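Analysis of the macromolecular model
Each chain is listed here by its residues.
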Amino acid sequence: PPHVYVTMWEDLHNTAIRFKNGVLTGVYPASPSSWLIVVIAIMSTMYARIDPSMGMIDRIKTSLPVSEFMTVQTQTVLSAILFATGLWLSFIFLLRYILKALLSYHGWIFESHGKMSFSTKVWLSLVKLLSGRRPLLYSFQASLPHLPVPSIDDTINRYLESVRPLLDDEQYKQMEIVANDFKKDPAPKLQKHLKLKSWWATNYVSDWWEEYIYLRGRDPIMVNSNFYTMDLLYVIPTHRQASRAANIVHAMLQYRRKLERGELTPLRALGIVPMCSFQYERMFNTTRIPGIETDFVQHLKDRKHLVVYHRGRFFKVWLYYGGRHLWPSELELQFQGILDDKSESQPGEIKLPSLTAGNRVPWARARLKYFNEGVNRASLEAIETAAFFMTLDDEAHGYDPENIRSLDLYAKSLLHGKCYDRWFDKSFTLIVYKNGKTGINTEHSWADSPIIGHMWEYVLATDCFHLGYTAEGHCKGDINKSLAPPTRLQWDISKACQEIIEGSYMIAKGIADDVDFHDCLFNEFGKGLIKKCRTSPDAFIQLALQLAHYRDKGEFCLTYESSMTRMFREGRTETVRSCTCESTAFVKAMEDESTTNEQRLALFKKAADKHQNMYRLAMTGAGIDRHLFCLYIVSKVMGIDSPFLKQVLSEPWRLSTSQTPQQQLNLIDTQKFPKYVGAGGGFGPVADDGYGVSYIIVGENLITFHISSKFSSTETDSFRFGQNIRQAMLDIRALFNPKEKKM
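Everything numeric in this text was worked out from a predicted model, so none of it was measured.

Rules of the game
- Residues numbered from 1 in each chain as written.
- Predicted model: local features only at pLDDT ≥ 70, side-chain atom pairs only at ≥ 80, totals over all residues.
- Heavy atoms only, no water.
- UniProt positions renumbered as here; feature names shortened; annotations may be inferred.
- Helix = DSSP H or I, 4+ residues; strand = E, 2+ residues; numbered from the N terminus.
- Buried < 20%, exposed > 50% of the residue type's maximum accessible area, 1.4 Å probe, protein only.
- Contact = heavy atoms within 4.5 Å.
- Polar contact = N/O pair within 3.5 Å; in protein donor to acceptor, adjacent residues only side chain to side chain.
- Pairing = 2+ DSSP bridges.
- Axes fitted to C-alpha atoms, helices over the stretch in contact; angles between N-to-C directions.
- Left-handed = near helix turned anticlockwise from the far one by under 90°.
- Nonpolar A, V, L, I, M, F, W, Y, C, P; charged D, E, K, R; others polar.
- 1 Å grid on protein atoms, 1.4 Å probe; cavity = no way out; pocket = protein on both sides within 12 Å on 5 of 7 lines; lining within 4 Å.
- Points joined across faces, edges and corners; volume = space filled by probe spheres on them.
- Domains from an automatic or database assignment.
- Phe/Tyr/Trp six-rings, centres within 6.5 Å; stacked < 30°, edge-to-face > 60°.
- Lys NZ or Arg CZ within 6 Å of the ring centre and 35° of its normal.
- Parallel < 35°, antiparallel > 145°, perpendicular 65-115°, else oblique.

1. Here we look at the UniProt feature "active site" (unreviewed entry) in the chain
Following the UniProt record, one finds the feature "active site" (unreviewed entry) at His444. Tracing the backbone shows His444 in the loop between β12 (438–442) and α15 (449–467). Owing to a relative accessible area of 16%, His444 belongs among the buried residues under this scheme. With residues near it in sequence (within four places) discarded, His444 still touches Tyr214, Ser225, Asn226, Phe227 and Arg572. Of the polar contacts made by the side chain of His444, one reaches the side chain of Tyr214; its length is 3.4 Å.

Structural data, given as structure tokens:
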């Protein structure tokens, strides 16, 4: 049929583009045309009877075979081309080496905002000069420096400094003894092995981090690991569920095509310093496969179908026709067909996804026993090889200004749903509600939140400002009525398997029911006012969280803030320990009525500067926790017992925090369209008696806090903590404007 030939032609076209972009990336920062320039230059010198090769061309010439087809002139030309090619490749490696050396300098990040030194300006100019023009997504990968291994002394000293405000004198003295004993032995031995790994590994942390923190975990990943991302906060472009799903899916396919071709622009700090793009590779066509002892991440090449879950049924939807993506109007027809389908679910089918929500070992065993042949294997394979998973949800969610808890319910739905209506093992599950609201649940092992956030920013902007809808809320465009309808996936689930499914569901439901979530919209002020206070918005918020936590629980705690290390190749995250001696001194001053406003302000600035410095150290590879984590892994491999490392890694993070960054501010003009702002996302509580807080600084006047804890803890209350955060933010602002009274 004609469309088969079109498909073949489109595949060849995509392969050609990928090959071309692969060549461009492979020779970056040079260009393929520069090879021709070098060849012409070498040939020109030869005609001028100048030998720039200092005899190498002649040596190449003598090594070439002589035949009737290889004349002396042909040998000379071929030798010159081979020499020019070698010279050109050497030039590329030299450029990359110089660029890598330049990117290993991080002094610029420690300079005060707006006060760039002359040396940093020269450095930035050199980086810009060597970065070439129009880089593709993976252009800088070979030029990124490797993550350095900090010294044992630096890490131990920073660790002791981080726990000082949490320990009394006797406890701290004991910790110093344990740490110093570790420093003498076995630390030097462990450090030596870790440095050896850093020489041959692309990144000495990332592979172990993925394996031991994520894939070897045997507890449920729902709530404990997966995280969510919300839709636009105030706007629903259409209330037609099938239409919204269609536009979102089409926008995702456009993004995937750019991603697979490597056409996306790499993120760069200051518009110049590149970030690692490694994590993007597994965004689509990826599934976490359960195992008895450890899971593994399965990533496939271009997949042409999607699996949709609706009212307990699974449907396979083809995303291509005639070599092209289905248009949004065609996808709408497919999804509407699923919504209109009145068929009943098969025995065991409704709660089948809860296998991915429960403990990993029962799921791994059930997968081997009940999904290894027949229709079950075929249907499971359809899910695991799909581009991604989508749920057409039968609930309505979103922000309702009349309902103070509307965002709380929306967050819980995205985080865990009904425990059986998201496939938690897929790289991500797209959820589209019946009122047109949408969101994403993401599996954490393959990447961190900024990666899925980058795609989501593109998708929302494309949906609203490029694809759009008709006046009736339908997708734009004609419909090809010859498209095959979605296919129901078939299952043969035995009673024994259904019992395992029910067991996983009950475990997952217990976890979900215990999640206490509160989303706090803070719109009294935002980034604009904080910057006028000449402080970092992140430091401002982190200090507010310390103040709020102290008021909430009457004590300080070990605090985790996630920072990225993507200035290094295959970098992921590092921990900023936000509870410091400086922050606790500030908090105590805020609670001491005898302290003057000037004293509080001075302590605030000191604590904010300390926080900024720690964040910068973490970003530049001088953090504490990833180094200690890797030393612990080495100790386990070598069979060395370390009381110090054991204690460090067992300390609970009772306040775990993360900022959701806005990465592509050019996609939506929020000055012109102030309602088109994202709401960020969140994650579940890390400690049984602690809080998880994710926040996003949106525009100039809005900060959204996503707060999680557990109902089972008598010490926590997410709504209460949200109120404490709000008051802490206002009280810190009042330091800069003493006329404002405490509310």
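That was the structure; now back to the text.
2. Notes on the pairing of strand β6 (residues 305–310)
With six of its six residues buried, β6 lies for the most part within the structure. Residues His305, Val307 and Tyr309 of β6 are buried on one face, and the alternating residues Leu306, Val308 and His310, pointing to the opposite face, are buried as well. The turn joining β6 and strand β7 (residues 313–318), which pair antiparallel and follow one another in sequence, is formed by two residues; a positive phi near 45° is taken by Arg311. Looking at chain direction, β6 and strand β10 (residues 389–392) are connected through three bridges and run parallel. For Val308, the partnering residue across the bridge sits in β10 and is Met390.

3. Side note on the packing of helix α6 (residues 152–163) against helix α21 (residues 625–638)
At a minimum axis distance of 10 Å, the contact between α6 and α21 shows a crossing angle of 115°. Crossing geometry of α6 relative to α21 is assigned as left-handed. Along its contact with α6, which presents Ile152, Thr155 and Tyr159, the element α21 presents His627, Leu628 and Leu631. Here the contact of α6 with α21 is composed, by residue class, of four nonpolar, two polar and no charged.

4. What to know about the environment of Gln727
Along the polypeptide, Gln727 turns up in helix α23 (residues 718–736). In this structure Gln727 comes out as buried when scored by relative accessible area, which is 19%. C-alpha of Gln727 to C-alpha of Ala548: the two residues are 179 residues apart in sequence and 7.7 Å apart in space.

5. Some details on empty space enclosed by the protein
Scanning the entire structure with this criterion turns up four cavities of 30 Å³ or more. There is about 110 Å³ of room inside the largest cavity. If you trace the largest cavity, you find 19 residues lining it, with Leu147, Val205, Thr573, Glu574 and Arg626 closest to the centre. Of all the secondary structure elements, the ones that give two or more residues to the lining of the largest cavity are α9 (206–215), β16 (573–577) and α21. Considering only residue class, the lining of the largest cavity consists of eight nonpolar, eight polar and three charged. Counting the residues that make up the lining of the largest cavity, at least three belong to each of domain 2 (152–201 + 621–651) and domain 4 (523–620 + 652–742).

6. Some words on the environment of Ala387
Along the polypeptide, Ala387 turns up in the loop between α13 (374–384) and β10. Accessibility expressed as a relative area gives 0% for Ala387, which makes it buried. In sequence terms Ala387 and Tyr691 are 304 residues apart; their C-alpha atoms lie 34 Å from each other. Setting aside its immediate chain neighbours within four residues, Ala387 contacts Arg256, Phe284, Asn285, Arg303, His305 and Leu319.

7. Observations concerning the packing of aromatic side chains
Under the defined criterion, the tally for this structure stands at 34 aromatic pairs. Ring centres of Trp108 and Trp123 lie 6.0 Å apart, and the angle between their planes is 15°; on these two criteria the pair is classed as stacked. Linking Trp108 in the loop between α4 (72–103) and α5 (118–130) with Trp123 in helix α5, this pair joins segments that are 15 residues apart in sequence. The structure contains a cluster of three or more aromatic residues connected by ring pairs, namely Tyr309, Phe314, Trp363, Phe371, Phe389, Trp423 and Trp491. Over the ring of Tyr320 we find Lys304; its NZ or CZ atom is 5.1 Å from the centre of that ring. Over the ring of Phe315 we find Arg488; its NZ or CZ atom is 5.6 Å from the centre of that ring.

8. Overview of the packing of helix α12 (residues 360–370) against helix α16 (residues 495–513)
Put simply, α12 and α16 touch, their axes get as near as 11 Å, and they point 160° apart. Classified by the interaxial angle, the pair formed by α12 and α16 is roughly antiparallel. When the axes of α12 and α16 are compared, the crossing they make is left-handed. The segment α12 lies against α16, with Pro362, Ala366 and Tyr370 engaging Ala496, Cys497 and Ile500. Looking at the contact of α12 with α16 residue by residue, the class counts come to six nonpolar, no polar and no charged.

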